[in-house]
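Reading the structure
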Amino acid sequence: MTSDQARALIAERFSGAQIDGTYPITATVSTDQWVAFARFASDELRCRFFSFLTAVDWKDLGLEVVVRVDNLDDNIALLMKTRLGPGVSVCPSIMPVYKGANWMERECYDMFGIHFDGHPDLRRILLTDDWVGHPLLKSYAVDTPHPPYR
Amino acid sequence: MLELVTPLIAPIVVLHVVIGIVTYVTLLERKFAARMQSRIGPYRVGYHGVLQPIADAVKLMMKEDVVPTAADKPVYNLAPIVFLVPCMFIFATLPFAPGLGVADLNIGVLFFLAVSSMEIVGLFMAGWGSNNKYALLSAMRAVNQVISYDLPFVFSALIPVVLAGSLKLSDIAAAQSGLWFIFYPVIGQLAFIAFIVSTVAAENRAPFDILEAESELVAGFRVEYSGMKFALIQLGEYAHILGASFLGALLFLGAWSGPGPEWLGPIWFLIKAMLVFLLVTWVRWSFVRIRVDQILALSWKALLPATLLLLLATAVVVVWRANAGL
Amino acid sequence: MSAPTVTPKRVELDYTGSERLTMNMGPQHPSAHGVFRAVLTLEGETVIDVDSVIGYLHRCHEKLSETLTYAQYPSIASKTDYVAAMTSEFAYVRAAEVIGKFEVPKRAQYLRVITAELQRVASHLLWLGTWCMDMGGALGGGATIFLYCIRERELILDLFESLVGARLLYGFFQVGGVRYDIPSGWADSCRQTVDVIDQRISEYERMLENNPFFMARAQGVGVISRELAESVGISGPLLRGSGVAWDLRRADPYSSYEDFEFKVPVETAGDCFARYRVRMVEFRESLKIVRQALDKLPEGPISSRPGLKSVAQTRVPKGEAYVRVEGARGEVGCYLVADGSAKPYRMKWRGASFSNLAILPHIIPGHKVADIVAIMGSVDPVFGEVDR
């Protein structure tokens, strides 16, 4: 499979997706299709290699979750995105599809406060359990005072 | 009068000499290891670091003695002493030259082996009394390992006994005045290898140091010890390894026999013991540690049957030679 | 003022009816490789469950990068993976270059390759030493290998020192090129160092592989299947040890890597020994690349944007890119979103160690306590990169 075929396949199966570029293919899907799209990427595009999961805070436009996966045999790179919408911080978890999403989703929850539905163990991972706020949100000022350590 | 005084004075002299040698054995090991690793080793205290062991001892004495709140205090405090005493006892039966020793028992080898495996009691007390999970795991491993390796240790030490026909250490030494047992065809070399391997394991030295295992169990059974208690455990450990080195030199390397006048005997004995010690040290600094299940498998599946067979073969050879009138 | 009273409390060992023991390994532990805490559930010596606790070294790199300019951050980037600092800087400056379409002169590209490959060798040397120390102990055979490896690593750090002036964290890369050209005589001493290391690597290989205890500890321990490896997203030598021929220098070439000849080692066993073999071959291949790059080093400028006067001078146009380089531990990636100003809008750091470490809960259960340190060592995490 080549990148162009992969693009065509995505366009065919997910008509609502915005597709851009070839290496990587950037595909933006709606949040409802998120898990289905991840499963499609893993099973049909054979993008099995899970690179990373993160989010971008577009201030008034809301949060965007970004996932990068690769097909190591055919060298296809896929950047999957979904916009959660303004004020929304709930996203379905793709942990059933990619095991690597476990820690990455925990980190994303830690930093952005996104609740991943279906994640079995959604705890803070890098910050302490009693941390207040989610630092990578644009509304979290760099000099936010934190409660003193016990 | 002399008959009364000697038994009182001799142990004191031997004890002090042994402790003196043990402290300097640590320096020898450090220098040797440093050379293996292309380092210099202790260098600053005294000429080429000769005063380093004394500096270490002073440092350990001045350290605070920390007792964990949760420790089982009587067991915890008693453990270093229980550990040290058998390690010192093993020197009681060693003859350093003909007639020079504390007590040349008729069952010298048996006494040595019995006392030397008693260190496990102190070891287990230290591991249990510390009330620390690392120490507990280490104590579990210690019991496993010491039980597994004392048998091959005993069997390999019995081969020279069979060859000499006596359990008395001075008799075994005297029996080697012609041919050292290590040069005894085939049996001698195999027995010596088995002896070294089981010594390394029974003394818990690397690569069999799973109970210290500082990369997993931090320091194992002595993780909670500090100051002088730590020094006692360390002293006991080195005394034990030194005792085993003396035993190896006595059983296989002809003890005090060597060129030169007779008064050089103890010097030869010491040199041979140091050679055995350096052999063990060499092994220590060149192997990685093996896992607990692999250690036990090595003992029960390889070393124990091998030493047992070797012991039987030795007995057959000795009987055959006696019957043939050789 | 009265002294605080301590009520002596007997800590009961956590023995329930199932004979299970919970043991903490770390965050302060001789083989924690930094600050890693593994909460182990043991049944005797066998680990049946592990919970990894990370984050002790979190320094908010991603938030920090939003407040620092493209000229300032590269020297901070080196503090993520401090054992292979060159490749961390590499990922960041390349991300900015890809979005801004900044040109990098050929000489700068070659210098980047030389430093990145030397850094890989230095990092692998530290890995070999610490891994053997994990298995052999600081008071045993492991320490011997460790000291030998540190001796060789020192030679490379000396080279970096005469090039940059720093030994651990360099700040050598900048957007558009590199900061310094090589001093006179550097190429020759680099060639000598490469020869010395090449020869000594072979010595260590013989020393270790002829050692039955080493083989017993490394073979068949911590097996990672290809499916698991890809799904968790481990990369670099670990992925190649599990039978995937995936090297970014080959698959997605950057910085003139297509000019050099080198092999991509692959092992199929997926155990600690396979990962060891992959890294041992990588040593040689990296040294080979350094030799080729020194031979072909072109003349010319070392930066397309020399003489920067202000930290805010580099502005990157609006756009986003995910850029990855093959670091010593695997795929070091930087997902950069630029908004046209002198600072990134968002930067995601994809640390190779973070993903590699996530494999531990999948492979550790069922192993003995002693194997944990062997597996940890073969994964080779650097906690600056895990916690960022």
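Here the structure is shown first, and the text comes after it.
Residues numbered from 1 in each chain as written. Chains lettered and ligands numbered in written order. Predicted model: local features only at pLDDT ≥ 70, side-chain atom pairs only at ≥ 80, totals over all residues. Heavy atoms only, no water.

1. Points about the overall build of chain B
- Secondary structure summary: chain B contains 11 helices and zero strands in total.
- Counting helices and strands in the order they occur from the N terminus, chain B gives α-α-α-α-α-α-α-α-α-α-α.
- Here chain B has a C-alpha radius of gyration of 20 Å; the compact-globule value for 326 residues is 20 Å, and the two agree.
- Overall, chain B is about 70 × 50 × 45 Å in size when its C-alpha atoms are taken along their principal axes.
- Across the 326 residues of chain B, 51% fall into the buried class.
- Looking at chain B alone, contacts between residues at least 24 apart form 76% of all its contacts between residues at least 6 apart.
- Accessible surface computed for chain B: about 14,000 Å², of which carbon and sulfur atoms make up 75%.
- Each charge class in chain B was averaged separately, 20 positive and 19 negative side chains, and the resulting centres sit 8 Å apart. (Helix = DSSP H or I, 4+ residues; strand = E, 2+ residues; numbered from the N terminus. Rg over C-alpha atoms; globule rule 2.2 N^0.38 Å. Buried < 20%, exposed > 50% of the residue type's maximum accessible area, 1.4 Å probe, protein only. Contact = heavy atoms within 4.5 Å. Areas by Shrake-Rupley, 256 points an atom, 1.4 Å probe, with all protein chains shown as cover. Lys, Arg positive; Asp, Glu negative; His and termini not counted. Charge placed at Lys NZ, Arg CZ, Asp CG, Glu CD.)

2. Things to note about the interface of chain A and chain C
- Between chain A and chain C, the residue contacts involve 40 residues of the former and 41 residues of the latter.
- Summing the contributions of chain A and of chain C, the shared interface buries around 3,400 Å²; its carbon and sulfur component is 58%.
- Together, Leu72, Trp103 and Leu126 of chain A form the three largest contributors to the area buried by chain A at its contact with chain C, with a combined 21%.
- The interface formed by chain A and chain C holds seven salt bridges in total.
- With its nearest N and O atoms 2.6 Å apart, the salt bridge here joins Lys81 of chain A to Glu320 of chain C.
- Run the count over chain A and chain C and you get 21 residue pairs in polar contact (both at pLDDT 80 or more).
- Contributing elements (two or more residues each) for the side of chain A that touches chain C: strand 3 (49–57), strand 4 (63–71), strand 5 (76–85) and helix 3 (101–112) of chain A.
- It is strand 3 of chain A that provides the largest number of residues to the side of chain A that touches chain C, a total of nine residues. (Buried area = accessible area lost by both parts, 1.4 Å probe. Salt bridge = Lys/Arg side-chain N within 4 Å of Asp/Glu carboxyl O. Polar contact = N/O pair within 3.5 Å; in protein donor to acceptor, adjacent residues only side chain to side chain.)

3. Some details on the pattern of salt bridges
- Tallied over the full model, the rule gives 48 salt bridges over all chains.
- Residue Arg226 of chain C pairs with Asp73 of chain A through a salt bridge whose shortest N-O separation is 3.1 Å. Here Arg226 of chain C, found in helix 8 (residues 226–232), pairs with Asp73 of chain A, found in the loop between strand 4 and strand 5, and the two come from separate chains.
- Taking the relative accessible area as the measure of exposure, Asp73 of chain A reaches 56% and is therefore exposed.
- The closest approach of N and O atoms between Glu209 of chain C and Arg277 of chain C, which form a salt bridge, is 2.7 Å. Of the two residues, Glu209 of chain C is situated in helix 6 (residues 186–209) and Arg277 of chain C in helix 11 (residues 272–296); the sequence distance between them amounts to 68 residues.
- Ionic contacts of the salt-bridge type, sharing partners, join the residues Glu117, Arg120, Arg240, Asp247, Arg249, Glu282 and Glu326 of chain C into one network.

4. Describing the packing of helix 4 (residues 106–136) of chain C against helix 5 (residues 141–164) of chain C
Residue and element names in this part refer to chain C.
- As a packed pair, helix 4 and helix 5 sit with axes 8 Å apart at the nearest point and diverge in direction by 160°. With respect to their mutual orientation, helix 4 and helix 5 come out roughly antiparallel. Viewed along their axes, helix 4 and helix 5 form a crossing whose handedness is left-handed.
- When its residues are assigned to classes, the contact of helix 4 with helix 5 shows 17 nonpolar, seven polar and two charged. (Axes fitted to C-alpha atoms, helices over the stretch in contact; angles between N-to-C directions. Parallel < 35°, antiparallel > 145°, perpendicular 65-115°, else oblique. Left-handed = near helix turned anticlockwise from the far one by under 90°. Nonpolar A, V, L, I, M, F, W, Y, C, P; charged D, E, K, R; others polar.)

5. Some details on the pairing of strand 6 (residues 319–326) of chain C
Residue and element names in this part refer to chain C.
- In terms of residue burial, strand 6 counts as a mostly covered element, since six of its eight residues are buried.
- Pairing analysis gives eight bridges linking strand 6 to strand 7 (residues 331–338), with the strands arranged antiparallel. Bridge pairing in strand 7 links Ala321 to Leu336.
- Here strand 6 folds back onto strand 7 in antiparallel fashion, the turn holding four residues, of which Gly330 has a positive phi close to 135°. (Pairing = 2+ DSSP bridges.)

6. Some words on the side chain of Glu62 of chain C
- Turning to its location among the elements, Glu62 of chain C is positioned in helix 1 (residues 61–65).
- On the accessibility criterion, Glu62 of chain C (6% relative accessible area) is buried.
- A polar atom in the side chain of Glu62 of chain C sits 3.3 Å from the side chain of Arg346 of chain C.
- Among residues more than four places away in sequence, those in contact with Glu62 of chain C are Glu107 and Leu136 of chain A together with Arg346, Met347, Lys348, Trp349 and Arg388 of chain C.

7. As for the arrangement of the chains
- Contacts are most numerous between chains B and C, taken over all two pairs of chains that touch.
- No interface is formed between chain A and chain B, the nearest pair of C-alpha atoms being 23 Å apart.

8. Considering the packing of aromatic side chains
- What the rule picks out here adds up to 36 aromatic pairs over all chains.
- Ring geometry for Phe37 of chain A versus Phe40 of chain A: centroids 5.9 Å apart, planes at 35°, classification tilted. Separated by three residues within a single helix, Phe37 of chain A and Phe40 of chain A lie in helix 2 (residues 34–43), roughly one turn from each other. In this pair, the class of Phe37 of chain A matches that of Phe40 of chain A, namely buried.
- Aromatic side chains Phe91 of chain B and Phe246 of chain B sit 6.3 Å apart centroid to centroid with 80° between the ring planes, which places their arrangement in the edge-to-face category. Of this pair, Phe91 of chain B sits in the loop between helix 3 (73–89) and helix 4 (108–116) while Phe246 of chain B sits in helix 9 (residues 227–252), and the two are 155 residues apart along the sequence. The two residues Phe91 of chain B and Phe246 of chain B agree in class, both being buried.
- Feature note: the residues Phe90, Tyr110, Phe172, Phe173, Tyr254, Tyr257, Phe260 and Phe262 of chain C constitute an aromatic cluster, connected by ring pairs.
- The cationic tip of Arg250 of chain C hangs over the ring face of Phe262 of chain C; the distance from NZ or CZ to the ring centre is 4.6 Å. (Phe/Tyr/Trp six-rings, centres within 6.5 Å; stacked < 30°, edge-to-face > 60°. Lys NZ or Arg CZ within 6 Å of the ring centre and 35° of its normal.)

9. Description of a nonpolar patch on the surface
Residues and elements named next belong to chain B.
- Nonpolar side chains collect at one region of the surface, where Tyr24, Tyr47, Val50, Leu51, Ile54, Val58, Met61, Met62 and Met228 lie side by side and expose about 920 Å² of accessible area between them.
- Element by element, the count of residues in the nonpolar patch is highest for helix 2 (residues 52–62), at four residues.
- Within the fold, Leu51 resides in the loop between helix 1 (2–36) and helix 2. (Patch = residues over 30% accessible without salt bridge, like charges linked within 9 Å, V, L, I, M, F, W, Y side chains within 5 Å.)

10. Thoughts on helix 14 (residues 369–379) of chain C
Residue and element names in this part refer to chain C.
- Most of helix 14 sits out of view: 11 of its 11 residues are buried.
- Looking at helix 14, one finds that the buried residues are Val369, Ala370, Asp371, Ile372, Val373, Ala374, Ile375, Met376, Gly377, Ser378 and Val379.
- Just downstream of helix 14 lies Asp380, where phi reads positive at about 60°.

11. Here we look at the pairing of strand 1 (residues 21–25) of chain C
Residue and element names in this part refer to chain C.
- Only one face of strand 1 is buried: it carries Leu21, Met23 and Met25, and the other face, with Thr22 and Asn24, is open.
- Pairing between strand 1 and strand 2 (residues 37–43): five bridges, direction antiparallel. Bridging from a neighbouring strand, Thr22 pairs with Thr41 of strand 2.

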